[in-house]
Amino acid sequence: ANTAFDQDVSVLNPANMDTANFTYNSFNSLFNSCSSFQGTGCNTWDVSAVKQFDSMFARCDVFNADISNWDITGTHYYTGQQPWQNMGLNGTIAGMLSDCPAFDRDLSNWDVSDTPNISNFMNGTTKLSQTNYDNILISFASQLPMDEALSVLSGQPPVPGVVGAYAPANYW
């Protein structure tokens, strides 16, 4: 990965691309380990046709783009007539923002209700404010089973006195 990459990516808007020809419409690891990437221009993207975001911004040390208005409903379950027809097609945001220590945005308006895999979605986002953390957790928990919602920030310490809640690393 080009760790020094930090360009305006607004011209890469998926809405202007033929996403039907992407392999499974995948943005998996697109900017993974681009430690200098801030995400300038990502806020303008229409990602509604993208199915997979695995580790897209993982290990982007300074990434803090406002992606709160992204429509990630393309990450839903896909069904075929035979089990092998579904392999690799189910959407995911697993690890999408893992180890992005500077990320502090409220993603509570995202519709994750039909997203098959959200594990470790924000694991390691150590600057996430308590307000953004609470908003995301409440939103995701209202859309998913609690164990899945909690897996968003897996590895974070529990909040004292709050049953089942976890705090971002900078909470302590």
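For the structure, see preceding data.
K.L.:
Got a sec to walk through the nonpolar core? Specific residues and values, please.
P.N.:
Core analysis: the largest hydrophobic core is formed by 37 residues, its most contacted members being Phe57, Ile67, Trp70, Met96 and Leu97. Elements supplying a minimum of two residues to this core: helix 1 (130-143) and helix 2 (146-150). A total of 4 residues in this core trace back to one element, the largest contributor, which is helix 1. In contact with tryptophan 70, not counting residues within four places along its chain, are Cys42, Asn43, Trp45, Val47, Phe53, Met56, Phe57, Met96 and Trp110.

K.L.:
An account of the state of the cysteines is needed here, citing residue identities and associated values.
P.N.:
Enumeration over the complete set of coordinates arrives at 0 disulfides. The thiol of cysteine 34 is unpaired, and the distance to the nearest cysteine sulfur, on cysteine 60, comes to 5.5 Å. Cysteine 60 takes part in no disulfide bond, and the closest cysteine sulfur to it belongs to cysteine 100, at a distance of 5.2 Å.

K.L.:
Explain a negative patch on the surface residue by residue, including any values.
P.N.:
A contiguous patch of negative charge, built from Asp46, Asp71, Asp111 and Asp114, is present on the exposed surface. Tracing the backbone shows aspartate 111 in the segment before helix 1. Looking at aspartate 111, the relative accessible area reads 36%, which means it is partly exposed.

K.L.:
Now, about the side chain of threonine 92: what can you tell me, with residues and values included?
P.N.:
Take threonine 92: it is sitting in the segment before helix 1. When near neighbours in sequence (up to four residues on either side) are disregarded, threonine 92 contacts Lys51, Gln52, Phe53, Asp54, Thr75, Thr115 and Asn117.

K.L.:
So what about helix 1? Which residues, and what values?
P.N.:
End to end, helix 1 covers 20 Å across 14 residues, agreeing with the expected 20 Å (1.5 Å per residue, within 8%). Within helix 1, the full set of buried residues consists of Asn132, Tyr133, Ile136, Leu137, Ser139 and Phe140. The arc enclosing the buried residues of helix 1, seen along the axis, measures out at 170°, which places them on a common side. Of the exposed residues in helix 1, the ones pointing more than 90 degrees away from its buried face are Thr131, Ile138 and Ser142. Looking at the buried side of helix 1, the elements it contacts are helix 2.

K.L.:
Report on the packing of aromatic side chains, specifying residues and quantitative values.
P.N.:
The full count for this structure, using the stated rule, is 14 aromatic pairs. Measuring from centroid to centroid gives 6.4 Å for phenylalanine 27 and phenylalanine 53, while their planes differ by 90°, and the two rings are edge-to-face. Of this pair, phenylalanine 27 sits in the segment before helix 1 while phenylalanine 53 sits in the segment before helix 1, placing them 26 residues apart in sequence. With a relative accessible area of 6%, phenylalanine 27 lands in the buried category. Here phenylalanine 53 falls in the buried class, since its relative accessible area comes to 0%. Ring centres of phenylalanine 121 and phenylalanine 140 lie 6.0 Å apart, and the angle between their planes is 35°; this geometry places the pair in the tilted category. With a gap of 19 residues between them, phenylalanine 121 in the segment before helix 1 and phenylalanine 140 in helix 1 connect regions that are remote in the sequence. A relative accessible area of 0% means that phenylalanine 121 is categorised as buried. Look at phenylalanine 140 and you get buried, because its relative accessible area is 1%. Each residue in the set Phe27, Phe31, Phe37, Trp45, Phe53, Phe57, Phe63, Trp70 and Phe103 is aromatic and connected to the rest through ring pairs, giving one cluster.

K.L.:
Which residues make up the environment of isoleucine 118, and what values do they have?
P.N.:
As for its placement among the helices and strands, isoleucine 118 is situated in the segment before helix 1. Between the C-alpha atoms of isoleucine 118 and isoleucine 93, which are 25 residues apart in sequence, the distance is 5.1 Å. Beyond its immediate chain neighbours, meaning those up to four positions away, isoleucine 118 contacts Ile93, Ala94, Phe140, Leu144, Glu148, Ala149, Ser151 and Val152.

K.L.:
So what's going on with unusual backbone geometry? Residues and values would help.
P.N.:
Positive phi outside glycine occurs at arginine 59, with the angle close to 60°. Looking at the element boundaries, arginine 59 is found in the segment before helix 1. Look at aspartate 99: it is not a glycine, yet its phi comes out positive at around 55°. Here aspartate 99 lies in the segment before helix 1.

The rules behind these values
Residues numbered from 1 in each chain as written. Predicted model: local features only at pLDDT ≥ 70, side-chain atom pairs only at ≥ 80, totals over all residues. Heavy atoms only, no water. Core = buried A, V, L, I, M, F, W, Y, C linked by side-chain atoms within 4.5 Å. Buried < 20%, exposed > 50% of the residue type's maximum accessible area, 1.4 Å probe, protein only. Helix = DSSP H or I, 4+ residues; strand = E, 2+ residues; numbered from the N terminus. Contact = heavy atoms within 4.5 Å. Disulfide = S-S within 2.5 Å. Patch = residues over 30% accessible without salt bridge, like charges linked within 9 Å, V, L, I, M, F, W, Y side chains within 5 Å. Areas by Shrake-Rupley, 256 points an atom, 1.4 Å probe, with all protein chains shown as cover. Salt bridge = Lys/Arg side-chain N within 4 Å of Asp/Glu carboxyl O. Lys, Arg positive; Asp, Glu negative; His and termini not counted. Charge placed at Lys NZ, Arg CZ, Asp CG, Glu CD. Expected span 1.5 Å × (residues − 1). Arc of directions from axis to C-beta. Phe/Tyr/Trp six-rings, centres within 6.5 Å; stacked < 30°, edge-to-face > 60°.

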